[in-house]
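Here is how the chains run, residue by residue.
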Amino acid sequence: PLDIPLVRFTGDFDFNERKRKLEFDFDTIELLGLIKINLASEDVAKIGASTGLGSSNNEKLVESGRRAFFDWISADGDIATARGGGGGLALWKRVIDGEQPSYGEGPI
């Protein structure tokens, strides 16, 4: 299998450890490792809101000069959880290079 992400978002971020808050901006979207699209923050917020990849609240944040964010709930060596600025729950699972992901397994 090819080791190419379908979609990759890149940009700046800041993490406030005391507040456990990650604020971020995406300025580039890459598709299939072949196409790079550079975008302004307001464009990314509009795309996210219209596709369901982001919250419509992110458009309001950009208009007010603020950035999208996650409030971290927990993280360990395998799983990370956070609440998005629009209220959604975000989950991440660590996948180690060379190992097949074991979906549905891990700590709960």
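To keep things clear, this report deals only with the structure shown in the data block.

## Section: the sheet that holds strand E5 (residues 35-38)
No. 1: On the basis of which strands lie adjacent, the open sheet formed by 3 strands has the order E1-E4-E5 and antiparallel pairing. Two strands bound the open sheet, and with one partner strand each, they are strand E1 (7-10) and E5. Each neighbouring strand pair of the sheet contributes to a mean axis angle of 20°, computed without reference to strand direction.
No. 2: Across 4 bridges, E1 lies against strand E4 (residues 28-31) in antiparallel orientation. Within the sheet, the bridge partner assigned to arginine 8 lies in E4 and is glutamate 30.

## Some remarks on the nonpolar core
No. 1: Membership of the largest hydrophobic core is limited to 6 residues, which are Leu22, Phe24, Ala68, Phe70, Ala82 and Ala90.
No. 2: When residues of this core are traced back to their parent elements, those giving at least two are strand E3 (21-24) and strand E6 (68-75).
No. 3: Apart from the residues lying within four places of it in its own chain, the contact partners of phenylalanine 24 are Asp12, Phe13, Arg67, Ala68, Phe69 and Phe70.

## A look at the sheet that holds strand E7 (residues 79-84)
No. 1: Across the sheet, which stays open at both edges, the 5 strands sit in the order E2-E3-E6-E7-E8 with antiparallel pairing between neighbours. Whereas interior strands pair on both sides, the edge strands pair on one side only; in this sheet they are strand E2 (13-16) and strand E8 (89-93). In this sheet, neighbouring strand axes are inclined to one another by 25° on average, regardless of whether the strands run parallel or antiparallel.
No. 2: Sheet analysis places E2 next to E3, joined by 4 bridges and oriented antiparallel. When the sheet's bridge partners are listed, aspartate 14 is paired in E3 with glutamate 23.

About the thresholds
- Residues numbered from 1 in each chain as written.
- Predicted model: local features only at pLDDT ≥ 70, side-chain atom pairs only at ≥ 80, totals over all residues.
- Heavy atoms only, no water.
- Pairing = 2+ DSSP bridges.
- Helix = DSSP H or I, 4+ residues; strand = E, 2+ residues; numbered from the N terminus.
- Axes fitted to C-alpha atoms, helices over the stretch in contact; angles between N-to-C directions.
- Core = buried A, V, L, I, M, F, W, Y, C linked by side-chain atoms within 4.5 Å.
- Buried < 20%, exposed > 50% of the residue type's maximum accessible area, 1.4 Å probe, protein only.
- Contact = heavy atoms within 4.5 Å.

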